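# Report on the structure
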Amino acid sequence: MSEQRFIIEMGMGNDQYGQDYTKAAARAIEDAIRHSSIPLFAALGKDPKEMRVQVTVGVQAPEQVDCAALVEKLPRGRAEVKAVFGGMNVTNPDDGNVLVIASAAVEAFLPKQV
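About the cut-offs
Residues numbered from 1 in each chain as written. Predicted model: local features only at pLDDT ≥ 70, side-chain atom pairs only at ≥ 80, totals over all residues. Heavy atoms only, no water. Helix = DSSP H or I, 4+ residues; strand = E, 2+ residues; numbered from the N terminus. Buried < 20%, exposed > 50% of the residue type's maximum accessible area, 1.4 Å probe, protein only. Contact = heavy atoms within 4.5 Å. Areas by Shrake-Rupley, 256 points an atom, 1.4 Å probe, with all protein chains shown as cover. Pairing = 2+ DSSP bridges. Right-handed = clockwise from strand over helix to strand, strands pointing away. Core = buried A, V, L, I, M, F, W, Y, C linked by side-chain atoms within 4.5 Å. Phe/Tyr/Trp six-rings, centres within 6.5 Å; stacked < 30°, edge-to-face > 60°. Lys NZ or Arg CZ within 6 Å of the ring centre and 35° of its normal. Expected span 1.5 Å × (residues − 1).

### A word on the overall build of the chain
Broken down by element type, the chain carries three helices and five strands. Helices and strands appear in the chain in the N-to-C order β-α-α-β-α-β-β-β. Dimensions along the principal axes, computed over C-alpha positions, put the chain at roughly 60 × 25 × 20 Å. Expressed as a percentage of the 114 residues in the chain, the buried residues total 32%. Of the contacts made within the chain by residues no fewer than 6 positions apart, 75% connect residues no fewer than 24 positions apart. Summed over all atoms, the accessible surface of the chain reaches about 6900 Å², with 51% contributed by carbon and sulfur.

### Some words on the environment of Leu 70
Its location among the elements puts Leu 70 in helix 3 (residues 67-73). Sequence-wise, Leu 70 and Asp 15 are 55 residues apart; in three dimensions their C-alpha atoms are separated by 15 Å. When residues no more than four places from it in sequence are discounted, the contact partners of Leu 70 are Thr 22, Ala 25, Ala 26, Ile 29, Val 65 and Val 81.

### Some details on unusual backbone geometry
Of note, Gln 19 is a non-glycine position whose phi angle comes to about 50°, a positive value. Inspection of the secondary structure assignment puts Gln 19 in the loop between strand 1 (3-15) and helix 1 (21-33). With a relative accessible area of 40%, Gln 19 lands in the partly exposed category.

### Quick look at the pairing of strand 3 (residues 78-85)
Summarising the sheet, strand 2 (residues 52-59) and strand 3 pair through eight bridges and their orientation is parallel. The residue of strand 3 that forms the bridge with Arg 52 is Arg 78. Tracing the backbone out of strand 2, into helix 3 and back to the parallel element strand 3 gives a crossover that is right-handed.

### Remarks on the nonpolar core
Core analysis: the largest hydrophobic core is formed by 25 residues, its most contacted members being Ile 29, Val 55, Val 57, Val 65 and Leu 70. If you list the elements that add at least two residues to this core, you get helix 1, strand 2 and strand 5 (98-111). The greatest single-element share of this core, amounting to seven residues, is contributed by helix 1.

### Here we look at the packing of aromatic side chains
Applying the stated criterion across every chain, the model contains one aromatic pair. Here the aromatic rings of Phe 6 and Phe 41 are separated by 6.2 Å at their centres, their planes lie at 80°, and the arrangement is edge-to-face. Residue Phe 6 is found in strand 1, and its partner Phe 41 is found in helix 2 (residues 40-44); the two are separated by 35 residues along the sequence. For Phe 41, a relative accessible area of 3% translates into the label buried. One Lys or Arg, Arg 52, reaches over the ring of Phe 109 and ends 4.4 Å from the middle of that ring.

### A few points about helix 1
The end-to-end C-alpha separation of helix 1 is 19 Å, in line with the 18 Å expected for 13 residues at 1.5 Å each. Residues of helix 1 that are buried: Tyr 21, Thr 22, Ala 24, Ala 25, Ala 26, Ala 28, Ile 29 and Ala 32. Where helix 1 is buried, its residues contact strand 1, strand 2, helix 3, strand 4 (88-91) and strand 5.

This is the structure in structure tokens:
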């Protein structure tokens, strides 16, 4: 069955002291969905379980992101999270601390209506 994207939200998050890529990614996802409200489901009599949520997070070390933990934090739909190379690491020259910056794209899809 084909799908139609009806939402795409972008967000940014960071971890300032722990170099935790999952924490930065979680904050980016939260930033993307924090201000979203989807009245579409009630208006059309749809069940949010029909929605597929696809999240792509960009960080400098995608292999360090716990994608399963991020899926658990998503509130609705059938979610999948993929980590890719992106984002940014910024080193404080005074103390060597690395600030991890993540970006996220959250997309939502429903089955295409004929």
